[in-house]
Structures are given as C-alpha cells and as structure tokens.
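Commentary on secondary and tertiary structure
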Amino acid sequence: YASEGNHSNATVGAGGGWCQGLDIPHELFLALGLVSLVENLLVVAAILKNRNLHSPTYYFICCLAVSDMLVSISNLAEMLFMLLLEHGLLVMRPSIVRHMDSVIDTLICSSVVSSLSFLGVIAVDRYITIFYALRYHSIMTLQRAVVTMASVWLASTVSSAVLIAYYRSNTVLLCLIGFFLFMLVLMLVLYIHMFTLARHHLHSISSQQKPPTAHRGGSLKGAVTLTILLGVFFICWGPFFFHLILIVTCPTNPFCTCFFSYFNLFLILIICNSVIDPLIYAFRSQ
C-alpha cells in the first residue's frame, strides 16, 4: 500500500495546487513510529509484569498494543528500507526488492486488520462487563479469550496475505472497506448503548439526590470519553478507507486522483492512532 501511495504521489504530483499533496518528511514517520513503539512496549511490559492485570480485558488491551506496535515497526521497516535503497546504501535485485516490499506490506496490512479487530473485541468486552456484570467471568473465560485472540491473529495474517496478493482486485478492496464499516458500526452501537445505560442510571440516582451536579458531571465525562473513542477511530482510520473507496469507485476522476496524492498523510494518521490508543485504552487506567 505504501509503495502504491508513493507512486500516486509521483504521478499526481505533476499537477498544480492542492493536487501536489503534502511533502511529509521521513523524519516525521520515524519519530511517530518510535514514540508509538515505546508507548506500546510500556503497555505490554506493564500487563505482562503485573499479575493483577492477567485478565481477558487487559490481554485484549495487550494485543491491541502489540498490533499498534507492529503498525509502527512495519512502517519504520519500510521507511528505512526505502531510504537505504534511495541513498544507494542497499543494493538488491528488483525481484528481491519486490519480494521484500510484499512481505513488509503483508505485515503492515496484518497489523492494521488486527488493530481494528482488537478495537472491536475491546468494545464487546466492555459491553459484556457492563450489561452482564454478574456473569462476565463465566462468559469471558480465559480459554475463550485465548481462542478469540488466536482467531484474530490467524484471520488477520491469512486475510492480509490474500489482500496483498490480490490488492488490485475491487472485490478484495470492497471486503476491506466492508470490514472497516462493520467495525465502525459495531463500536458506535455498543458504545452508544453503554453510554445510554450509564446516563439512565445517573438520571435515576440524581432524581433521588440533591444536588445532582456531580452526576451530571459524570454523565458529561462519559460523553467526552465516548466522543474521544469514536472520534479518534473515525479521524485516524476514515481517510485511509475513503482512499480505498475512491480507488474502487473513481480511480481516474481528477478529484479522486488529487485525493490519492495525500496517501502518506493517511499513513501518518494511522501511525498517530497507534500513538493515541495507549493514551485512551491503557494510560487512563491507574
């Protein structure tokens, strides 16, 4: 995907105005990738080291951190690989370069799919925690959590290999777009339902107590958290998948080709999501 985006930058960049895209320095990719790598390593280390965090909920957060870490590592690897080739410090046959590019793209795609999947899994886990609190430990057993995690990793690896092998196929792109929309709708429905229940409980409590200011504050805090979760998800992932939608619907339209020239910006947003995820899902937990 990244090599395809760079190609579109080169071809579309010959146009004028905003169609030239953004010249994003390699140092920004490297800096964000390193920050994300350190953040997510801290999350993984904290969960593995602390026995009190050895539960399905934190294992899912750990898997999300590993996925985000892979997003950073794969993007860093591709960026370093390209820089070494451009400066003549690495000399390879074209066939080997294409093979390496396919391997790195598969790793990127696998980390992207697994990251999206674990965001959905965490939403489902939180939903069960709230609506089936008394039965949570019987529903989300450690065995089921392990099966869920293994299934996500296996499905992500297999699907990403297929996606990279047939990435020029509109059917494959439509499947990826459909997967993103499914995750977006799933998270939207679950988090809104959870917030509605919390707001109902707060309203019931506040109607029996005076003054209700503190409960309104709690309700507002819940609304802010919900907005952050869904807003970050949509802002960071939306442009990339809109890019894929335009590839399928209008690959030669002037507006679409101009939009394609911003592909590197969409990659930056995905890496930013890997930086923000630990702040939302892990570092907010004392």
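- Per an unreviewed UniProt entry, the protein is named Melanocyte-stimulating hormone receptor, and its organism is Arremon brunneinucha alleni.
- The UniProt entry for the protein carries this comment under Subcellular location (unreviewed entry): "Cell membrane".
- One UniProt comment on the protein, placed under Sequence similarities (unreviewed entry), says "Belongs to the G-protein coupled receptor 1 family."

A closer look at the UniProt feature "transmembrane region" (unreviewed entry) in the protein
- UniProt feature "transmembrane region" (unreviewed entry): in the numbering of this structure it lies at residues 28-48, 60-83, 103-124, 145-165, 171-192, 223-247 and 259-283.
- As annotated, residues 28-48 comprises 100% helix and 0% strand, and the C-alpha atoms at either end are separated by 30 Å.
- Between the C-alpha atoms that bound residues 145-165 there is a distance of 30 Å. The span itself is 100% helix and 0% strand.

With respect to the packing of aromatic side chains
- A complete count under the given rule lists 10 aromatic pairs for this structure.
- Judged by centre distance (5.4 Å) and plane angle (55°), the ring pair of Phe118 and Trp153 falls under tilted. Of this pair, Phe118 sits in helix α4 (residues 94-131) while Trp153 sits in helix α6 (residues 142-165), and the two are 35 residues apart along the sequence.
- For Phe118, a relative accessible area of 0% puts it in the buried group.
- Centroid distance Phe240 to Phe263: 6.2 Å. Interplanar angle 55°. Geometry classified as tilted. Of the two residues, Phe240 sits in helix α8 (residues 213-249) while Phe263 sits in helix α10 (residues 263-281), which places them 23 residues apart along the sequence. Like Phe240, the residue Phe263 is buried in the burial classification.
- In this structure an aromatic cluster arises from ring pairing among Phe180, Phe233, Trp237, Phe240, Phe241 and Phe263.

Structural notes on the confidence of the model for the protein
- Confidence in the prediction for the protein averages 80 pLDDT; 85% of positions are at 70 or higher.
- With pLDDT under 50 throughout, residues 2-15 is counted as low confidence; its partners more than four residues away or in other chains account for 26 contacts.
- Note that pLDDT drops below 50 for residues 212-219; the model gives that stretch 9 contacts with residues more than four away or on any other chain.

Section: empty space enclosed by the protein
- Tallying each qualifying case throughout the model produces 3 cavities of 30 Å³ or more.
- The computed volume of the second largest cavity comes to approximately 40 Å³.
- Taken together, Leu119, Met187, Leu229, Val232, Phe233, Asn273, Asp277, Ile280 and Tyr281 make up the full set of residues lining the second largest cavity.
- Those elements that place two or more of their residues in the lining of the second largest cavity are α8 and α10.

Cut-offs used in this document
Residues numbered from 1 in each chain as written. Predicted model: local features only at pLDDT ≥ 70, side-chain atom pairs only at ≥ 80, totals over all residues. Heavy atoms only, no water. UniProt positions renumbered as here; feature names shortened; annotations may be inferred. Helix = DSSP H or I, 4+ residues; strand = E, 2+ residues; numbered from the N terminus. Phe/Tyr/Trp six-rings, centres within 6.5 Å; stacked < 30°, edge-to-face > 60°. Buried < 20%, exposed > 50% of the residue type's maximum accessible area, 1.4 Å probe, protein only. pLDDT = per-residue confidence, 0-100. Contact = heavy atoms within 4.5 Å. 1 Å grid on protein atoms, 1.4 Å probe; cavity = no way out; pocket = protein on both sides within 12 Å on 5 of 7 lines; lining within 4 Å. Points joined across faces, edges and corners; volume = space filled by probe spheres on them.

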